[in-house]
Amino acid sequence: MNYKLLGNSGLRVSPLCLGTMTFGEDWGWGSSKETSKAIFDTFMEAGGNFIDTADVYTEGSSERILSDLIQADRDHVVLASKYSLSNTTHNPNKSGNHRKNLVQSVEASLKRLKTDHIDILFVHAWDYTTPFEEVMRSLDDLVKQGKVFYLGISDAPAWVVSMSNTWAIDKGMSPYIVNQIEYNLTERTPERDLLPMSQALNLGVMAWSPLATGILTGKYLDDEVKGTRNEAKTSYRFNEKNERIARTVVEVASEIGCSPAQLSLAWLVKQNIIPIIGARKIDQLKDNLQSVDIHISNEQMARLNEVSSIDLGFPHDFVLRDGAKKMMYGDMANKIEGINNPNLYK
């Protein structure tokens, strides 16, 4: 693999990130230690160096399993973890973005990981209660202490990220360098604000659920696949539009000669986005790793984008109407760069 700089930093990461929410069997569907090791080794041997986990994954087993795997060459691994979430129900301060939970969560993660630092610490989800100033000051303290090297944020509104970074930079504190979001061919709503904001702030972007829980692999299109189609229908993700998207993915993948999963990941890579790939089997991982070599033509990208397109909503759709553009640009609307391609991230 080649390596890319992550956001507005000099940190060099692989174009694919290995997600380790499947490391550990505590939730009843993950991978054993032996399988997790095989997956980790395969990813690293392919040139990957970017690993994503969280304190809450498999009740901490993900971090504990990783602790043994990274010891052989800790400095080579770019390790990302997260805080904010908890399965504890009786302690109001065991979750959230506030300083108390942040410090306690990071200390616990460092012990489980058997390391003295986390390369990238993510706010796992915005809690809508903690002042952003408290979050940024608390995170910056950990950076100054050397326990965390870089900061990231996940599952937060664009206004929170932009306000937080603007404030932190103004105060001489560490800003977020990467934004982690749900983004795939069935979930393109981040194109409204999160992706343009990320480009404007020069944030790296990581996509979780890049295969839409398997819908984009095409496996739910076959009525004979052990009832998985009926299982998928119980998910909010499975609907007529997503079925059309999956069928188009299968068709285009057949033309290219790759798997639907490889194509779906390549669609993200082509947009300078880092997919977080997770696997419970080595064959799945090996298939995903080949996505970095997939070439998608402009015509094929157009087909994928058309079948999965969304309404941008207000104010985007409003200001792009012909009448509004004529009032803003006169007769020059078709002659000014960027007007007819307003999504800055594309």
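Residues numbered from 1 in each chain as written. Predicted model: local features only at pLDDT ≥ 70, side-chain atom pairs only at ≥ 80, totals over all residues. Heavy atoms only, no water.

**Student:** Would you explain the overall build of the protein chain in this entry?
**Tutor:** Across its full length, the protein chain holds 13 helices and ten strands. Looking at the protein chain as a whole, 53% of its 346 residues qualify as buried. With an accessible surface of roughly 16,600 Å², the protein chain has 50% of that area assigned to carbon and sulfur atoms. Between the averaged position of the 37 positive side-chain charges in the protein chain and that of its 44 negative side-chain charges there is a distance of 2 Å. (Helix = DSSP H or I, 4+ residues; strand = E, 2+ residues; numbered from the N terminus. Buried < 20%, exposed > 50% of the residue type's maximum accessible area, 1.4 Å probe, protein only. Areas by Shrake-Rupley, 256 points an atom, 1.4 Å probe, with all protein chains shown as cover. Lys, Arg positive; Asp, Glu negative; His and termini not counted. Charge placed at Lys NZ, Arg CZ, Asp CG, Glu CD.)

**Student:** It is not clear to me how the pattern of salt bridges should be interpreted in this structure. Could you clarify?
**Tutor:** Opposite charge on two side chains permits them to pair, given that their charged atoms come into close proximity. According to the stated counting rule, one finds 13 salt bridges in the structure shown. Across the pair aspartate 140 and lysine 144 runs a salt bridge, and its minimum N-O distance is 2.1 Å. Taken together, the residues aspartate 140 and lysine 144, both in helix α4 (residues 132–144) and four residues apart, mark about one turn of the helix. For aspartate 140, a relative accessible area of 3% translates into the label buried. (Salt bridge = Lys/Arg side-chain N within 4 Å of Asp/Glu carboxyl O.)

**Student:** Please clarify how the nonpolar core should be interpreted in this entry.
**Tutor:** Nonpolar side chains in soluble globular proteins generally cluster together in the buried interior. Residues Phe40, Phe43, Leu121, Leu139 and Tyr176 are the most contacted members of the largest nonpolar core, which totals 76 residues. When residues no more than four places from it in sequence are discounted, the contact partners of phenylalanine 43 are Met1, Ser14, Leu16, Cys17, Leu18, Gly48, Asn49, Phe50, Ile51, Ile277, Leu285 and Leu289. Ala80, Ile120, Phe122 and Ile177 belong to the second-largest nonpolar core, a separate cluster that totals 14 residues. (Core = buried A, V, L, I, M, F, W, Y, C linked by side-chain atoms within 4.5 Å. Contact = heavy atoms within 4.5 Å.)

**Student:** Please clarify how a nonpolar patch on the surface should be interpreted in this entry.
**Tutor:** Taken together, the side chains of Phe314, Phe318, Val319 and Met328 make up a nonpolar region of the molecular surface, amounting to roughly 430 Å² of accessible area. You can see valine 319 is positioned in helix α12 (residues 316–319). (Patch = residues over 30% accessible without salt bridge, like charges linked within 9 Å, V, L, I, M, F, W, Y side chains within 5 Å.)

**Student:** Is there a simple way to think about a negative patch on the surface in this case?
**Tutor:** On the surface, Glu25, Asp26, Glu34 and Glu59 cluster together into a patch of negative charge. By the secondary structure assignment, glutamate 25 is in the loop between β3 (17–19) and α1 (33–45). The class of glutamate 25 is exposed, set by a relative accessible area of 53%.

**Student:** When you look at unusual backbone geometry in this model, what are you seeing that I'm missing?
**Tutor:** Glycine aside, residues mostly have negative phi, and peptide bonds are mostly found in the trans state. With omega at 5 degrees, the peptide bond leading from phenylalanine 314 into proline 315 counts as cis. Tracing the backbone through its elements, the reader meets proline 315 in the loop between α11 (298–307) and α12. For serine 209, which is not glycine, the phi dihedral falls at a positive 55 degrees. Within the secondary structure, serine 209 is located in the loop between β9 (204–208) and α7 (228–233). Look at serine 209 and you get buried, because its relative accessible area is 16%. A positive phi angle, close to 50 degrees, is found at threonine 213, a residue other than glycine. Topologically, threonine 213 is positioned in the loop between β9 and α7.

**Student:** So what exactly am I meant to see when it comes to the sheet that holds strand β6 (residues 118–123) here?
**Tutor:** Hydrogen bonds along the backbone pair up the strands of a sheet, which may run parallel or antiparallel. Around the barrel, eight strands lie side by side as β3-β4-β5-β6-β7-β8-β9-β10; this closed barrel has parallel pairing. Recorded for the sheet is a direction-independent mean angle of 30 degrees between the axes of neighbouring strands. As paired elements, β6 and strand β7 (residues 148–154) share five bridges and run parallel to each other. Across the sheet, the residue bridging to valine 123 is isoleucine 153, located in β7. Taken strand by strand, α4 contacts β5 (78–83), β6, β7 and β8 (176–182), and its axis lies near 150 degrees from that of β7. (Pairing = 2+ DSSP bridges. Axes fitted to C-alpha atoms, helices over the stretch in contact; angles between N-to-C directions.)

**Student:** Teacher, can you tell me more about helix α8 (residues 240–256) here?
**Tutor:** Structurally, the α-helix is built with 3.6 residues per turn, so residues lying three or four positions apart point the same way. Under the 1.5 Å per step criterion, the end-to-end length of α8 is 25 Å for 17 residues, consistent within 8% with the ideal 24 Å. N-capping of α8 is provided by asparagine 239, with a side-chain oxygen placed 3.2 Å from the backbone N of lysine 241. Within two residues after α8, glycine 257 carries a phi angle of roughly 90 degrees, on the positive side. (Expected span 1.5 Å × (residues − 1). Polar contact = N/O pair within 3.5 Å; in protein donor to acceptor, adjacent residues only side chain to side chain.)

**Student:** Mind showing me how you'd approach the pairing of β6 here?
**Tutor:** Residues in a regular strand point their side chains to alternate faces of the sheet. Most of β6 is tucked away: six of the six residues are buried. Where β5 lies against β6, four bridges are found, and the strand directions are parallel. The residue bridging lysine 82 from the neighbouring strand is phenylalanine 122, located in β6. For the crossover from β5 across helix α3 (residues 99–113) to β6, the handedness is right-handed. Each parallel crossover has a hand, and for β6 linked through α4 to β7 it is right-handed. (Right-handed = clockwise from strand over helix to strand, strands pointing away.)

**Student:** I keep staring at the side chain of serine 109 and nothing clicks. Help me out?
**Tutor:** Secondary-structure assignment places serine 109 in helix α3. Discounting chain neighbours no more than four positions away, the residues touching serine 109 are Asp55, Glu63, Ser81 and Ile118.

**Student:** Please clarify how the pairing of β5 should be interpreted in this entry.
**Tutor:** Most of β5 sits out of view: six of its six residues are buried. Here β5 shows two buried faces, one formed by Val78, Ala80 and Lys82 and the other by Leu79, Ser81 and Tyr83. As judged from the three bridges shared by strand β4 (residues 50–52) and β5, these two strands associate in the parallel manner. The residue of β5 that forms the bridge with aspartate 52 is alanine 80. With helix α2 (residues 61–70) bridging β4 and its parallel neighbour β5, the resulting β-α-β unit is right-handed.

Worth remembering: the numbers are spatial, not functional.
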